[in-house]
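Structural overview
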Amino acid sequence: MTLSSSASPRIIRIAAALLIGPDGRTLLVRKRGTQAFMQPGGKIEACEQPVDALARELEEELGLLIDTTQASYLGKFSAPAANEPGFVVEAEVFQLDIQQQVSAAAEIEELLWIDPHNVVDVMLAPLTRDLILPFYRTSLKAPA
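The model shown is predicted, which means the values in this text are computed figures rather than measured ones. (Residues numbered from 1 in each chain as written. Predicted model: local features only at pLDDT ≥ 70, side-chain atom pairs only at ≥ 80, totals over all residues. Heavy atoms only, no water.)

1. Description of the pairing of strand 2 (residues 26-31)
Among the six residues of strand 2, five are classified as buried, and the element is accordingly described as predominantly covered. Taken together, the six bridges between strand 2 and strand 6 (residues 108-114) define a ladder with antiparallel strand orientation. Within strand 6, the position partnered with R30 by the bridge is E110. (Buried < 20%, exposed > 50% of the residue type's maximum accessible area, 1.4 Å probe, protein only. Helix = DSSP H or I, 4+ residues; strand = E, 2+ residues; numbered from the N terminus. Pairing = 2+ DSSP bridges.)

2. Some points on the nonpolar core
Residues L19, L54, L58, L62, L64 and L96 are the most contacted members of the largest nonpolar core, which totals 23 residues. When residues of this core are traced back to their parent elements, those giving at least two are strand 1 (10-20), strand 2, helix 1 (50-62) and strand 5 (87-97). (Core = buried A, V, L, I, M, F, W, Y, C linked by side-chain atoms within 4.5 Å.)

3. Structural notes on the side chain of T128
Following the sequence through the fold, T128 ends up in helix 2 (residues 126-141). The buried category is assigned to T128, whose relative accessible area is 1%.

4. A look at unusual backbone geometry
Even without being a glycine, C47 presents a positive backbone phi close to 65°. Along the polypeptide, C47 turns up in the loop between strand 3 (41-43) and helix 1. We classify C47 as exposed; its relative accessible area is 88%. A positive phi angle, close to 50°, is found at A106, a residue other than glycine. By the secondary structure assignment, A106 is in the loop between strand 5 and strand 6.

As structure tokens, then:
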């Protein structure tokens, strides 16, 4: 189903993380009751800065405490929402290199560390599949 040009999509504003482990793999999460894996993160509350929303969500969902000054802003990415038909996610995406162990908490059912060049046969959210993973793969090819 496509939206007509007169209809404007309903927007969900989120902060999301491209979490990079020591081995270069990135962490994806799957929320309870869903099938698509996606970047960790969540909705930005009213009057909340995106990086602060990200820090709050990472602590709630993964038990991960981050230093927000270490989060590199990658940009704003938009894609159809994986779990809310008719909605578009507008994601403020940050990259963080992490050493800490993480564990699923709150609404997170499953964690998956993936090699961005060799994605296993799993369902990925459109934002992850079409934008964030290709962006990460391209950044790995760029000279340092």
